[in-house]
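Next come the chains, spelled out residue by residue.
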Amino acid sequence: MVEAAHSLVRRVAASRTFLAGALLTGLLVATAVVSLFWTPYDAIVPDMPIKLQGSSAEHWLGTDHYGRDVLSRLMVGARSSIVVGLVAVGLGLSLGVVLGALAAARGGWLDELLSRISDLVFAFPAVLSAVLITAIYGPGAVNAIIAIGIFNVPVFARVTRAAARQAWARDYVRAALALGCSPLAVTWRHVLPNIASLLIVQATIQFAVAILAEAALSFLGLGVQPPQPSWGRMLNDALTYMYVAPGIAIYPGLAIVLAVLGLNLLGDGLRDLLDPRLRRLR
Amino acid sequence: MRVSPMLEHLIRRLLSVAVTLFAASLVVFVVLEILPGDPAQVMAGYEASPETVEVLRKLYGLDRPPVERYLDWIGGLLVGDFGISHAYHVPAANLIAERLPVTLPLAAMALTIAIAVALPLGMFAATHHNRRGDLTVMAASQLGIAVPEFWFGILLVLLFSVTLGWFNAGGFPGWDEPLAALQSLLLPALALGLSQASILTRVMRSAALDTLREDYVRTAWAKGLTRRRIVWGHVFRNALIPVTTIIGLQMAFLIAGTIVIENIFFLPGLGQLMVGAIANRDLIIIKDLVILITAMVVAVNLAVDLLQAAIDPRPGHHG
């Protein structure tokens, strides 16, 4: 056991991908948490006399067109990205796993029907569902979450279905069924634990996708509404003012890149670390 | 009578396209007109008097039974009658037809750039597996995946329009001036195309790596074929099959990308029409655009699927 734990620690320490990803993701989360208690300046109240300033000792990343501190707004914006991303992925994960596990357990027409529906949703990028929802209910963070969440359902349903079908074919699962376990119990006790690591990796990567989608929706004005800061919205404002203050077009984009890069690296690193060959060591 | 497998495949795929589009149209209709939320009230605006709302309800036939409304909409779409835009008071079909010559060439240019960049880079990375060139390509694509295409577009504007002054920052001169039109589509197509290329490069690389391990490739080496014939004649051609599938799947994102990118470069395409329609609460246009874009994505996937059946060297593999 001790040896196994040592081996895992060694592997974690050796995986540069995982470490870089964990570092960037940790930075993202830490920024959002710190912004709950402290930001250099108020992120929402305008201060017109100092609008569109470049970097300075007082305002490290300058100020926007209302004279608000860009760094403070980026910090609070991290919160929007994390909340929208987490809830959207959580929604897609919970619904997708149930549907995927059901399709794998039952098969037949139900499986076929669920596959067709997931094909349909795949032809519908998150932007289109957001447009539909926004058209009738108006823009907002909740509607953005629903749009991104809907897109995530078939992603998780497919991963779950494919992996669960492999698990169902294993001898010990067949044995459990033969011993009279119900399909639900088999799914819960044998199938899901087997595919959990796969789902964790997928969730990390979908989190990155969700942050990109949230940024695109806010950029179009379909996501988080002003004055609440969001990275996408800040880039939309920059379209008008970047000729005077290029900084406001650069920093929010960098924030998105670092967040997405971090989560993608974390996902890749986790995939390597959670490789099935490792599982017997734990 | 025996139908050839290719024809049978074609018929099966056309049926599934029809079912997909039917389902998509139901979803659009249900979300906009059946779920809670009054379309007449939305179009009239929330400050409108109940009388105005009733007038609009009559005008757009929203007082009729849902099944009738749905059949009317679909029947109209099939004969090219897309309804009258609520905001512009002109046929929606005209508005859409005016904007297709911007969006379609933009999407086509972006796709061409993505393919032209990704396939050679992916092949290069695969044939230099785990060497410095491969690692550089992989690092660049990892970064490219993290860069939102609209931010990349903004950076291109900052560099080429604001700093260097080589391009206009936006707008579209129309196809009467073909060179100027192409030029105004170039930066947005680059922004979209290179973003898509990041993903496609990885797909090409891993597909080529899989193919390189196949027995027939080893046989080809043993037969003494030149490296060039093996890499391009065997590996590339076979690896293209999974790559085309991903290209089809990426089309949904590419077209969604044009919606966003048009709004950076002030291009009068479908994306700008759509964002304007949301601001104007023009549900007629939104309904039509969403189903049209879905149809475009489905059509491209069908084309990819048929192309795949044509390039797949294995006999009888048409699924």
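Since we're looking at a predicted model, the values are computed, not measured.

Draft legend 1. Local environment of the overall build of chain B. From N to C terminus, chain B includes 12 helices and 0 strands. In terms of its C-alpha atoms, chain B occupies a principal-axis envelope of roughly 85 × 65 × 35 Å. Sequence separation of 24 or more characterises 74% of the internal contacts of chain B that already satisfy a separation of 6 or more. On chain B, roughly 15,400 Å² of surface is accessible, and the fraction owed to carbon and sulfur atoms is 66%. Once the 22 positive and 23 negative side-chain charges of chain B are each reduced to a mean point, those two points are 18 Å apart.

Draft legend 2. Spatial organisation of the environment of A:Asn194. All names here are of chain A. Checked against the element boundaries, Asn194 lands in helix 8 (residues 183–219). Exposure remark for Asn194: the relative accessible area of 22% places this residue in the partly exposed category. Separated by 52 residues in the primary sequence, Asn194 and Val142 have C-alpha atoms spaced 33 Å apart.

Draft legend 3. Region of interest: the side chain of B:Thr244. Residue and element names in this part refer to chain B. Following the sequence through the fold, Thr244 ends up in helix 10 (residues 227–262). Note on Thr244: relative accessible area 9%, which makes it buried. If sequence neighbours within four positions are ignored, Thr244 has contacts with Val304, Leu307, Gln308 and Ile311.

Draft legend 4. Just the packing of helix 1 (residues 5–34) of chain B against helix 12 (residues 283–311) of chain B, in detail. Residue and element names in this part refer to chain B. Contact geometry for helix 1 and helix 12: axes closest at 10 Å, N-to-C directions at 160°. Between helix 1 and helix 12, the angle falls in the class roughly antiparallel. Handedness of the crossing formed by helix 1 with helix 12: right-handed. When its residues are assigned to classes, the contact of helix 1 with helix 12 shows 17 nonpolar, 5 polar and 4 charged.

Draft legend 5. Layout of unusual backbone geometry. Cis peptide bonds are those with omega within 30 degrees of zero, and the linkage from A:Pro226 to A:Pro227 qualifies with 10°. Here A:Pro227 lies in the loop between helix 8 and helix 9 (231–241). Phi at B:His89 takes a positive value of approximately 55°, unusual for a residue other than glycine. Here B:His89 lies in the loop between helix 4 (66–78) and helix 5 (92–127). On the accessibility criterion, B:His89 (61% relative accessible area) is exposed. Not every positive phi belongs to a glycine, and B:Asn130 is a case in point at roughly 65°. One can find B:Asn130 in the loop between helix 5 and helix 6 (132–146). The class for B:Asn130 is exposed, based on a relative accessible area of 55%.

Draft legend 6. Summary view of the interface of chain A and chain B. Contacts between the two partners involve 36 residues from chain A, matched on the other side by 45 residues from chain B. Across the interface of chain A and chain B, roughly 3,500 Å² is buried in total on both sides, 84% from carbon and sulfur atoms. Here chain A is connected to chain B by 0 salt bridges. At the junction of chain A and chain B, the tally comes to 2 residue pairs in polar contact (both at pLDDT 80 or more). Among the elements of the structure, helix 4 (108–122), helix 5 (126–137), helix 8, helix 9 and helix 10 (247–273) of chain A are those that each provide at least two residues to the side of chain A that touches chain B. Broken down by element, the side of chain A that touches chain B gets its largest block of residues, 11 residues, from helix 10 of chain A.

Draft legend 7. Main features of the confidence of the model for chain A. Mean pLDDT over chain A works out to 86, with 95% of the residues at or above the 70 mark. Segment residues 277–282 of chain A is flagged for pLDDT under 50; beyond a separation of four residues in sequence, or across chains, it makes 9 contacts in the model.

Draft legend 8. Representation of the confidence of the model for chain B within the structure. Residue and element names in this part refer to chain B. On average, chain B scores 87 in pLDDT, and the residues at 70 or more come to 97%. Here helix 2 (residues 39–44) is the element of chain B with the lowest mean pLDDT, 81, and helix 5 is the one with the highest, 94. Across the interfaces of the predicted complex, the ipTM metric reaches 0.86, alongside a pTM of 0.88.

Draft legend 9. Region of the structure containing the packing of helix 7 (residues 171–178) of chain A against helix 8 of chain A. All names here are of chain A. Where helix 7 contacts helix 8, the axes come no closer than 10 Å and their chain directions differ by 165°. In terms of axis orientation, helix 7 runs roughly antiparallel to helix 8. Pair helix 7 / helix 8 crosses with right-handed handedness. Contact residues: helix 7 offers Tyr172, Val173, Ala176 and Leu177, while helix 8 offers Pro183, Val186, His190 and Asn194. Here the residues of the contact of helix 7 with helix 8 are counted per class, giving 6 nonpolar, 2 polar and no charged.

Draft legend 10. Region of the structure containing the packing of aromatic side chains. Here the structure, examined in full by the defined rule, presents 7 aromatic pairs over all chains. Pairing A:Phe151 with B:Phe253 gives two aromatic rings, centres 5.8 Å apart and planes at 90°, and the pair type is edge-to-face. Taken together, the residues A:Phe151 in helix 6 (residues 141–168) and B:Phe253 in helix 10 connect one chain to another. The buried category is assigned to A:Phe151, whose relative accessible area is 6%. When its relative accessible area of 37% is taken as the criterion, B:Phe253 is described as partly exposed. Taken together, the ring pairs connect B:Phe29, B:Tyr70 and B:Trp73 into an aromatic cluster.

Definitions and cut-offs
Residues numbered from 1 in each chain as written. Chains lettered and ligands numbered in written order. Predicted model: local features only at pLDDT ≥ 70, side-chain atom pairs only at ≥ 80, totals over all residues. Heavy atoms only, no water. Helix = DSSP H or I, 4+ residues; strand = E, 2+ residues; numbered from the N terminus. Contact = heavy atoms within 4.5 Å. Areas by Shrake-Rupley, 256 points an atom, 1.4 Å probe, with all protein chains shown as cover. Lys, Arg positive; Asp, Glu negative; His and termini not counted. Charge placed at Lys NZ, Arg CZ, Asp CG, Glu CD. Buried < 20%, exposed > 50% of the residue type's maximum accessible area, 1.4 Å probe, protein only. Axes fitted to C-alpha atoms, helices over the stretch in contact; angles between N-to-C directions. Parallel < 35°, antiparallel > 145°, perpendicular 65-115°, else oblique. Left-handed = near helix turned anticlockwise from the far one by under 90°. Nonpolar A, V, L, I, M, F, W, Y, C, P; charged D, E, K, R; others polar. Buried area = accessible area lost by both parts, 1.4 Å probe. Salt bridge = Lys/Arg side-chain N within 4 Å of Asp/Glu carboxyl O. Polar contact = N/O pair within 3.5 Å; in protein donor to acceptor, adjacent residues only side chain to side chain. pLDDT = per-residue confidence, 0-100. Phe/Tyr/Trp six-rings, centres within 6.5 Å; stacked < 30°, edge-to-face > 60°.

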